[in-house]
Amino acid sequence: MKQLKSILLVATALLVTVSLNAKPKIRIIATGGTIAGVSTTSASSAYTAGQVGIQTLLDAVPQILNLADISGEQLVNIGSQDMNDEVWLKLSKRVNELLNKEGYDGVVITHGTDTMEETAYFLNLTVKSDKPVILAGSMRPSNAISADGPANLYNAVAAAVSPNCKGMGVLCCMNNQLLDAKTVIKTHTIDCDTFEGGPSGIIGYVYNGEAHLLQSPINRHTKNSVFDVSKLEELPKVGIVYGYANASPLPMKAFVDAKFDGIVLAGVGDGNFYKDVFEVAVEAQKEGIQIVRSSRCPTGPTCLNSEVDDEKYHFVAALDLNPQKARVLLMLALTKTRDWQEIQKFFMEY
Ligand code: DGL
């Protein structure tokens, strides 16, 4: 009996030691983008996104194995200009499965930068976990001189294993910076320092393999989100119409004729429409197509009942969301309600 007790004690001590020394389990999901891109020569700026697979990305930065117990999978291999609802739904369901059923401690997603902000926000509203979910990409292809992908991937894994990133919602990790899903925006077509965090700035940074958080998101996200896509096979159709002087109403008419569920206006100034576009929007709202007013301005809120009487027309004001983010929230809001006042509340909370 004594011998059995001492065997059990040793076994327990071993288990505790192993578990204390075990590295966090991190899954890396590859979707393509420039980080997986290949250029004709290392000095050339001409390249094609989504060319190399997940193993090539992991092999380029073996140092991540010092940070975590790493495994990877290839979901798709596309330029993110081709990101779509089908991939979003697969990605959200897969992340929830990894975090809530397969025991992973965090997920890193490699992604093109063109629509990274949209995917990040969609996941911010549909992932049901407070574990870190970090998107990483690059502005230079994988075989470029000073490719930025490996360092971004290393930093993303460092953030994914950091307790500081737990409960922060979905984050993007680029150029040593951490940006939250709601405010992150691509601001420059070719610069490695392209992502910014809007008026609130970056949420943190990664330095020397450590994630440092400077602030927390104030909007609802992840576990505190009411949106659930686990049983959805498709999403409501929402288009975006760009506003400008003497704008044609044809694009908005086309969305109406195609029976879209919602239309976001990237309006001028504080979400204003050209008069011909306004008339189509009023009729569309009466037909049950939800109109959301956002702005083509890079910063500043689209305010409720300012120059446009939203109350009168049942329009929704996008508040702090740019057009591409407003579209994501409207798509998910329309899976819950068609009531414009309820939808406006979602724009105040998320
Ligand atoms: N085709 C673009 C994309 O996949 C390249 C931009 C990038 O990934 O940096 O988003």
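Everything discussed here concerns the structure shown above.
These remarks concern the structure in this document. (Residues numbered from 1 in each chain as written. Predicted model: local features only at pLDDT ≥ 70, side-chain atom pairs only at ≥ 80, totals over all residues. Heavy atoms only, no water.)

## Here we look at a nonpolar patch on the surface
Next, step 1: Taken together, Met1, Leu4 and Leu8 make up a surface patch of nonpolar side chains, about 370 Å² in accessible area.
Next, step 2: The topology assignment puts leucine 8 in helix H1 (residues 2-21). (Patch = residues over 30% accessible without salt bridge, like charges linked within 9 Å, V, L, I, M, F, W, Y side chains within 5 Å. Areas by Shrake-Rupley, 256 points an atom, 1.4 Å probe, with all protein chains shown as cover. Salt bridge = Lys/Arg side-chain N within 4 Å of Asp/Glu carboxyl O. Helix = DSSP H or I, 4+ residues; strand = E, 2+ residues; numbered from the N terminus.)

## Some points on the sheet that holds strand E11 (residues 204-207)
Next, step 1: Strand order in the open sheet made by the eight strands is E4-E1-E5-E6-E7-E8-E11-E12, with mixed pairing throughout. The open sheet is flanked by strand E4 (69-78) and strand E12 (210-213), the only strands paired with a single partner. Across the sheet, the mean angle separating the axes of adjacent strands is 25° when strand polarity is ignored.
Next, step 2: By the bridge criterion, four bridges tie E11 to E12 in an arrangement that is antiparallel. Note that in E12 the partner of glycine 204 across the bridge is leucine 213. (Pairing = 2+ DSSP bridges. Axes fitted to C-alpha atoms, helices over the stretch in contact; angles between N-to-C directions.)

## Describing unusual backbone geometry
Next, step 1: The phi dihedral of threonine 222 is positive, around 40°, even though this residue is not glycine.
Next, step 2: Relative to the helices and strands, threonine 222 resides in the loop between E12 and strand E13 (238-242).
Next, step 3: Residue threonine 222 is classed as buried on the basis of its relative accessible area of 4%.
Next, step 4: The backbone of histidine 314 sits at a positive phi, close to 65°, despite the residue not being glycine.
Next, step 5: Tracing the backbone shows histidine 314 in the loop between helix H8 (310-313) and strand E16 (316-317). (Buried < 20%, exposed > 50% of the residue type's maximum accessible area, 1.4 Å probe, protein only.)

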